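What follows is the residue order along each chain.
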Amino acid sequence: MSDSPSPRRYALTLACRSAAGQVAAVAAFLGRHQAYVEQFTVYDDPPTARFFVRAVFRRAEARADELVRLREEFAVLAPQCEALQWQVHDLAQPLRVLLMVSKLDHCLVELLAGWKHGELPMQPVAVVSNHETLRGLAEAHGLPFHCLPVTPETKAAQEARLLELVHDTGADLVVLARYMQVLSDSLCERLAGRVINIHHGFLPAFKGARPYHQAFERGVKIIGATAHFATPDLDEGPIIDQATERVDHAHGPEDLLAVGRQVESTVLSRALRQVLEHRVFINGQRTVVLR
Ligand SMILES: Nc1nc2c(c(=O)[nH]1)N[C@@H](CN(C=O)c1ccc(C(=O)N[C@@H](CCC(=O)O)C(=O)O)cc1)CN2
């Protein structure tokens, strides 16, 4: 990166205790840095007495070390704001994403298309699967493909290999794009807040591996999909986004799966975009999504 000053765009995210003066403190910080603020969104959550801030700003003449200086100086301010979590992101450095899939390709195809079309600001770093089925799709997009078959006997070793890949690729996020194996408690804890799953059901209804069959048996008239952070509690993680579609008595389980494909792909892509744009905060069992 040249030393000559160049315009750079940043996102500042802050979760802190609810209190007077939080906005003023952040605004003063941005003012001290002659920041040109493009977006400034806040939400106060009375039930948890937490306050959430997302600011997108730019600096006309940013020095090479500006991101480091911004972080060092916000680190001084953070305790005064009773910060619980904060980060300054350089928007020219998209988050690195490790994609996981089993045999069904519809969600992976949607994410890769969104990336190629510049709609998903991410840097995919690899595709990991427990089947060979989608190697061609990954490699056609120039992405390394790693097949880690999972059985009860191999699960621990394969998860250790997955953690190695997360480390070696510098992945910030892991996206379960119809990856049909339950991640262990220890893996979820190691990657807490960094694993996004698409559940092919409208949670909290119809948890598990076969929600469309459950929906058919129940005779529902609406099906849906849910993007959430994966936690040790299967299909219980904080929800990022959901969507639904109407169905009727004539839809069998396979028809429901067919209707659900686009709902799943749309919800996962939308949820991932919100995370990539630093809009999503985990707030206990829930999320705050600053639009
Ligand atoms: N720790 C978590 N891991 C995963 C989650 C999660 O919420 N927490 N979500 C799943 C995705 N999923 C539903 O959305 C899901 C996938 C698979 C199963 C399941 O029972 N799988 C069986 C194996 C099935 C098979 O081999 O085809 C199993 O793992 O024993 C339930 C829910 C992804 N992981």
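Calculation notes
- Residues numbered from 1 in each chain as written.
- Predicted model: local features only at pLDDT ≥ 70, side-chain atom pairs only at ≥ 80, totals over all residues.
- Heavy atoms only, no water.
- Pairing = 2+ DSSP bridges.
- Helix = DSSP H or I, 4+ residues; strand = E, 2+ residues; numbered from the N terminus.
- Axes fitted to C-alpha atoms, helices over the stretch in contact; angles between N-to-C directions.
- 1 Å grid on protein atoms, 1.4 Å probe; cavity = no way out; pocket = protein on both sides within 12 Å on 5 of 7 lines; lining within 4 Å.
- Points joined across faces, edges and corners; volume = space filled by probe spheres on them.
- Nonpolar A, V, L, I, M, F, W, Y, C, P; charged D, E, K, R; others polar.
- Parallel < 35°, antiparallel > 145°, perpendicular 65-115°, else oblique.
- Left-handed = near helix turned anticlockwise from the far one by under 90°.
- Contact = heavy atoms within 4.5 Å.
- Near = heavy atom within 4 Å.
- Polar contact = N/O pair within 3.5 Å; in protein donor to acceptor, adjacent residues only side chain to side chain.
- Areas by Shrake-Rupley, 256 points an atom, 1.4 Å probe, with all protein chains shown as cover.
- Sits in = over half its atoms within 2 Å of the grid points.

(A) Expanded view of the sheet that holds strand 2 (residues 36-45). Reading across from one edge, 2-3-1-4 is the order of the four strands in this open sheet, with antiparallel pairing throughout. Of all the strands in the sheet, the pair left with one neighbour each is strand 2 and strand 4 (83-90). The mean inter-strand angle of the sheet, taken between neighbouring strand axes irrespective of direction, is 10°. As paired elements, strand 1 (residues 6-17) and strand 4 share seven bridges and run antiparallel to each other. By the bridge assignment, Tyr10 is partnered in strand 4 with Asp90.

(B) Inspection of empty space enclosed by the protein at higher detail. In total, this model carries one cavity of 30 Å³ or more according to the counting rule given. By volume, the largest cavity amounts to about 90 Å³. Along its surface, the largest cavity is lined by 13 residues, and Met100, Val150, Gln158, Glu159 and Tyr179 are the ones closest to its centre. If you tally residues by element for the lining of the largest cavity, the top one is helix 5 (residues 155-169), at four residues. For the lining of the largest cavity, the residue count by class is nine nonpolar, two polar and two charged.

(C) Seen up close, the packing of helix 7 (residues 211-218) against helix 8 (residues 253-276). Packing of helix 7 against helix 8 leaves a shortest axis separation of 9 Å and a crossing angle of 125°. What the angle tells us is that helix 7 and helix 8 run oblique. For the crossing formed where helix 7 meets helix 8, the hand is right-handed. Contact residues: helix 7 offers Tyr212, His213, Ala215 and Phe216, while helix 8 offers Pro253, Leu256, Leu257, Gly260, Arg261 and Glu264. Residue composition of the contact of helix 7 with helix 8, grouped by class: six nonpolar, two polar and two charged.

(D) Structural context of the site of the ligand. Residues in close proximity to the ligand total 17 residues, the closest being Gln181, Leu183, His199, Thr231 and Asp235. The backbone of Met180 places a nitrogen or oxygen atom 3.4 Å from a nitrogen atom of the ligand. Separating an oxygen atom of the ligand from a side-chain N or O atom of His199 is a distance of 2.7 Å. When isolated, the ligand has an accessible area of 700 Å², and the protein chains bury 75% of it. Counting atoms within 2 Å of the grid points, the majority share of the ligand lands in the second largest pocket. By residue number, the principal contributor to the shell around the ligand is strand 9 (residues 195-199), which donates three residues. Of the residues in the shell around the ligand, the class split is 10 nonpolar, six polar and one charged.

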